[in-house]
Amino acid sequence: MKTRTPAWTCSLLPVLLATLQVASAQKNGIDIYSLTVDSKVSSRFAHTVITSRVVNKANTVQEATFQMELPKRAFITNFSMTIDGVTYPGNIKDKAAAQEQYNAAVSRGQSAGLVKATGRKTEQFQVSVSVAPAAKITFELVYEELLKRQLGVYELLLRIQPQQLVKHLQMDIHIFEPQGIRLLETESTFLTNELAEALTTTQSDTKAHILFKPTLAQQQKSPEQQETALDGNFIVRYDVNRTLSGGSIQVENGYFVHYFAPEGLTAMPKNVVFVIDKSGSMSGKKIQQTREALVKILDDLRPKDQFNLIVFSSEASPWRPLLVPASAKNVDEAKHYAAGIRAQGGTNINGAMMMAVELLDSSNQKEQLPAGSVSLIILLTDGDPTVGETNPSKIQENVREAVGGQYSLFCLGFGFDVSYSFLEKLALDNGGLARRIYQDSDSALQLQDFYQEVANPLLTSVAFEYPGGAVEMVTRENFRLFFKGSEMVVAGKLREQGPAVLSAQVTGRVHKQNFTFQMESNVAQQEEMFRGPKYIFHSFMERLWAYLTIQQLLEDLVSASDAERPALEQQALNLSLHYSFVTPLTSMVVTKPEGQEQSQVAEKPREDGRSGSRLTSLPGGVRIMSEVPGLPGAAAVLDAEAPDMDTLTVPDYFGLSFLSKHSGLPRVGTGSASPDSEAPTSAYSTCPRTLVPTPPAPLQVPDAILPLPGQSVDPLCVDLKHTQGRMNLLSDPDQGVEVTGQFEKAHFSWIRVAFRNPQVLVHVSPEHVVLTRDQGSSAHQWKKTLFTVMSGLKMTMDRTGLLLLTNPDKVTLGLRSWEGPGAGLRLLLRDTDRFSSRVNGTLGQFYRDVLWKPEAAKDSKGTLTVQGIDHPATRELKLDYQQGPPGAEMSCWSVVL
């Protein structure tokens, strides 16, 4: 029998890092006295200005750092620093010219840092400058992006991370959509109920205004702490009204944009081949998450679909000789097969892709692919080819010739070991797209969400046509596929003597039929609509056209031949320079006052970068490296001032590594620990081990605590001793809510809450919280602040890990991942008087036709009669989990089911 080891209570490294971060933000005398975010969204085009004003309150020269994360799809258009009234602008140049300036700075012995860092959805922009005592600086960053519709919504992402309390902090968002705003919701990873009081949202038919202006007191983590609670994302999601034609042509300042997303179309049947890498590098969490995602994806196949699976390592093997219908029997067998996939061997991508094409070809030749269906290949791999044909260019050529334009290929790159540029070209050559799957706890959800994006093809061979002589410089007009929840966008310029009414025709195929959509727009009325409002960014449509043109040119470059490449690059470069966009072809040189040693160049990071690391500067020359690929959450510290220290020891998966020559900092070695081993030890270790006394036997934690109306003032504690498996915990059709759960081995393995209006599904497990709506899903960690507001539902989570789901005038549902005695998922109920007379379920039954026998009020034993069935009840002391750990002693009536 294994015995419990003494607890290792030393936590030097996390404490040290937290101290340094506070020092970086506040103790060097740099005070941020104003921070504003002004974002104007006009017809999906977002123009965002971040302005930070700081002052040096120290008596010596200090370094002020401006750091901001912006969306990956955004282009920086301007950056400037104003120091004591003098403005130092950023100059956007072609990459070669900027590189010359960078190299010149290095040759003079100056520090010339290329400013680039990549997160999952964001890129980091960071500039530092020396500040004289009492001097004031204004930093201003401007970026622009065309919001892309995915899974039925547009998403505006803003990152708030001031690292200190700010006297004047304001986030101001204006949205103007002539089509009308159909849906609007906000989500934040830092808002609390107190901070939410500083948030106001107003909405009319075509406009929305979101203002966030917290006071200093509201920004504080607590009254006792002078630390800011603002650290995280603020997201606005919305969608617009649509007609059956699905088209909206908008005109502003001589340019037009045509949005196309028709309503009411039926999804076409699809033939899909899943090509799954099971090489040795996929072992562990990757293959586990892939299996989990595949099982759920197979469940989403429709009966009219056909499918097959190919797994590959050194060799490729199909699940079935041909594609098979997605019948319940075939899907169940495929799920069983997917659940048994094991990882080992090399990576033969070429062989697997040839087999996938051959499967589709064979099924097509046997006339087993329905007329009017859409054929897709979905490849998932985490590495470069190592077996068979290993030349990436040759594989791309082989696949392009084999596909021959008949099928669409979508490539998913798992993690950072895969060559993303190889997969991107492979996909774009064959009418699809590539996506990176980030190795994280929600990797399975990322896979499922990607599948949902392509699961419902609505149109094929889509073409946009405009009257000859009416428009010019039109962006891409032909598209292979249109999927449900997405949107096609075409932009261009009106000719000087263009028509008073701009008409358009969109053609496409649905099943076996040709469809034609007609639409028109009055140019004068459109111009007037955008001329009036003061809250929009004027002349935005020309910049929208340039943004879209550049994005499409960059995409064309991936698949371009050597002969085509120079002309495409020059066109994209000219537009980038003319409209001052920082793109992969341009850089921005940040100018600074005379005598400053640092010259910095901002560049647009590429998605094909192999490293996910990020360096953060802290006082004393110490840097933190985080996001080490393959080691989630790993962190290490080195002394940047030590010239002889050019290597960094990364911690093993279970241990810690700390290395520093900085004065006064202790050395901690690398070690590992498990629940059944000694604490980490090392020759460098200075942390003592302490014995933690064994606590007294804890009170029993009930599986559910139900506040009940009636004669008893004590709540009802329910224990599920005789019930196992999936169960309906409660359902109320009048409330539009249903709660189900899986109870096994004395705890819930998951609990799911489904709302009818809005259509939202909340699935919780001990690992995380998953929110699903409109086909898309998002995962959230327990004890991470969350604040989501949508029409008819508010979802909040505090730092104790209490998730609350509240509807106006409806029952409040709470969920908690309890970590104390009797650890597991727990359900909370509030406002239970709002249940209707039709409530039911294992727990819901206690809110319908409940009667206490008279003796219940007299002693510690009684009988609770529910819908005619007697349940013995005993008054007992239990541990109340409702207020969070460590829980409190409570008296309740205990019932065993």
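Residues numbered from 1 in each chain as written. Predicted model: local features only at pLDDT ≥ 70, side-chain atom pairs only at ≥ 80, totals over all residues. Heavy atoms only, no water.

Draft legend 1. Inspection of the overall build of the protein at higher detail. Regarding its fold elements, the protein presents 12 helices and 53 strands. Looking at the protein as a whole, 53% of its 897 residues qualify as buried. Across the protein, contacts joining residues at least 24 apart in sequence account for 64% of those joining residues at least 6 apart. (Helix = DSSP H or I, 4+ residues; strand = E, 2+ residues; numbered from the N terminus. Buried < 20%, exposed > 50% of the residue type's maximum accessible area, 1.4 Å probe, protein only. Contact = heavy atoms within 4.5 Å.)

Draft legend 2. Fine view of the sheet that holds strand β26 (residues 457–465). Spatially, four strands are ordered β28-β26-β30-β31 in an open sheet, and the strand pairing comes out antiparallel. Strands with a single pairing partner mark the edges of an open sheet, and in this sheet they are β28 (478–483) and β31 (513–522). The mean angle between the axes of side-by-side strands here comes to 30 degrees, regardless of whether they run parallel or antiparallel. The pairing of β26 with strand β30 (residues 501–510) spans four bridges and is classified as antiparallel. Looking at β30, one finds that Ala463 is bridged to Thr507. Contacts between helix α10 (residues 523–531) and the sheet are confined to β30 and β31, with β31 contributing the most and set at about 65 degrees to the helix. (Pairing = 2+ DSSP bridges. Axes fitted to C-alpha atoms, helices over the stretch in contact; angles between N-to-C directions.)

Draft legend 3. Here's a closer look at the packing of helix α4 (residues 285–299) against helix α5 (residues 328–339). One can describe the packing of α4 onto α5 by two numbers: an axis separation of 9 Å at closest approach and a directional angle of 175 degrees. Regarding the angle of α4 to α5, the classification is roughly antiparallel. Across the interface between the two elements, Arg291, Leu294, Val295, Leu298 and Asp299 from α4 touch Val331, Ala334, Lys335, Ala338 and Ala339 from α5. Here the residues of the contact of α4 with α5 are counted per class, giving seven nonpolar, no polar and three charged. (Parallel < 35°, antiparallel > 145°, perpendicular 65-115°, else oblique. Nonpolar A, V, L, I, M, F, W, Y, C, P; charged D, E, K, R; others polar.)

Draft legend 4. Expanded view of the nonpolar core. Ranked by internal contacts, the top residues of the largest apolar core, which has 59 residues, are Phe79, Phe125, Phe139, Ile173, Ile175, Phe212 and Phe234. Apart from the residues lying within four places of it in its own chain, the contact partners of Phe79 are Phe66, Tyr88, Pro89, Gly90, Phe125, Val127, Phe139, Glu140, Leu141, Met588 and Val590. (Core = buried A, V, L, I, M, F, W, Y, C linked by side-chain atoms within 4.5 Å.)

Draft legend 5. View of the pairing of strand β47 (residues 802–806). The element β47 is extensively covered by neighbouring structure, given that four of its five residues are classed as buried. One ladder, built from four bridges, connects strand β46 (residues 793–797) with β47; its direction is antiparallel. The residue bridging Thr796 from the neighbouring strand is Leu804, located in β47. Joining the antiparallel neighbours β46 and β47 is a turn of four residues, in which Gly801 adopts a positive phi near 95 degrees. Here β47 pairs with strand β48 (residues 812–818) via four bridges, running antiparallel.

Draft legend 6. Structural detail: the packing of aromatic side chains. Under the definition given, this model contains 30 aromatic pairs. With a centroid separation of 6.4 Å and 55 degrees between ring planes, the pair formed by Trp818 and Tyr881 is classed as tilted. Taken together, the positions of Trp818 in strand β48 and Tyr881 in the loop between β52 (869–880) and β53 (888–896) put the pair 63 residues apart, joining distant regions of the chain. With respect to class, Trp818 is no different from Tyr881; both count as buried. Pairwise contacts between aromatic rings join Phe45, Phe75, Tyr255, Trp545, Tyr547, Tyr579 and Phe581 into one cluster. Of note, Arg826 hangs over the ring of Tyr881, and the distance from its end group to the ring centre comes to 5.6 Å. (Phe/Tyr/Trp six-rings, centres within 6.5 Å; stacked < 30°, edge-to-face > 60°. Lys NZ or Arg CZ within 6 Å of the ring centre and 35° of its normal.)

Draft legend 7. Representation of helix α6 (residues 349–365). Here α6 contains 17 residues, and its C-alpha end-to-end distance of 24 Å stays within 8% of the 24 Å for a straight helix at 1.5 Å per residue. Listing the buried residues of α6 in full gives Ile349, Asn350, Ala352, Met353, Ala356, Val357, Leu359, Leu360 and Ser363. With a side-chain oxygen lying 2.9 Å from the backbone nitrogen of Gly351, the N-terminal cap of α6 falls on Asn348. A positive backbone phi angle near 55 degrees is found at Glu367, which sits one or two residues after α6. (Expected span 1.5 Å × (residues − 1). Polar contact = N/O pair within 3.5 Å; in protein donor to acceptor, adjacent residues only side chain to side chain.)

Draft legend 8. Fine view of the environment of Leu169. Relative to the elements of secondary structure, Leu169 occurs in strand β10 (residues 168–176). The spatial distance from the C-alpha of Leu169 to the C-alpha of Phe212 is 8.2 Å, given a sequence separation of 43 residues. Excluding residues that lie within four positions of it along the chain, Leu169 makes contacts with Leu35, Pro162, Phe212, Lys213, Pro214, Gln219 and Leu230.

Draft legend 9. Structural context of the state of the cysteines. Here the structure, examined in full by the defined rule, presents one disulfide. Each sulfur of the disulfide joining Cys717 and Cys892 lies 2.1 Å from the other. Residues Cys717 and Cys892 share a disulfide whose torsion about the S-S bond is about -120 degrees; that sign makes it left-handed. With a gap of 175 residues between them, Cys717 in strand β38 (residues 716–719) and Cys892 in strand β53 connect regions that are remote in the sequence. Here Cys717 and Cys892 have matching classes, each one buried. (Disulfide = S-S within 2.5 Å.)

Draft legend 10. Summary view of the packing of helix α7 (residues 392–403) against helix α8 (residues 420–428). Contact geometry for α7 and α8: axes closest at 10 Å, N-to-C directions at 15 degrees. By the angle between their directions, the pair α7 and α8 is classed as roughly parallel. Note that α7 runs across α8; the crossing there is right-handed. Residues Pro392, Ile395, Gln396 and Val399 of α7 pack against Ser421, Phe422, Lys425 and Leu426 of α8. Residues of the contact of α7 with α8, tallied by class, amount to five nonpolar, two polar and one charged. (Left-handed = near helix turned anticlockwise from the far one by under 90°.)

Draft legend 11. Structural view of the sheet that holds strand β18 (residues 255–260). The antiparallel open sheet is built from four strands, whose spatial order is β17-β18-β29-β27. The outermost strands of the open sheet, each flanked by one partner alone, are β17 (247–252) and β27 (471–472). Pairing analysis gives two bridges linking β27 to strand β29 (residues 488–494), with the strands arranged antiparallel. Across the sheet, the residue bridging to Glu472 is Lys493, located in β29.

Draft legend 12. A look at unusual backbone geometry. Residue Asn757 is joined to Pro758 through a cis peptide bond whose omega torsion reads 5 degrees. Residue position: Pro758 is located in the loop between β41 (747–755) and β42 (760–764). A cis amide bond links Pro885 with the next residue in sequence, Pro886, at an omega value of 5 degrees. Positionally, Pro886 belongs in the loop between β52 and β53. A positive phi angle is found at Ser43, which is not glycine, with a value near 50 degrees. By secondary structure assignment, the location of Ser43 is in the loop between β1 (30–42) and β2 (45–56). Accessibility expressed as a relative area gives 0% for Ser43, which makes it buried. In this model, Arg44 sits at a positive phi of 75 degrees, which is unusual for a non-glycine residue. Along the chain, Arg44 turns up in the loop between β1 and β2.

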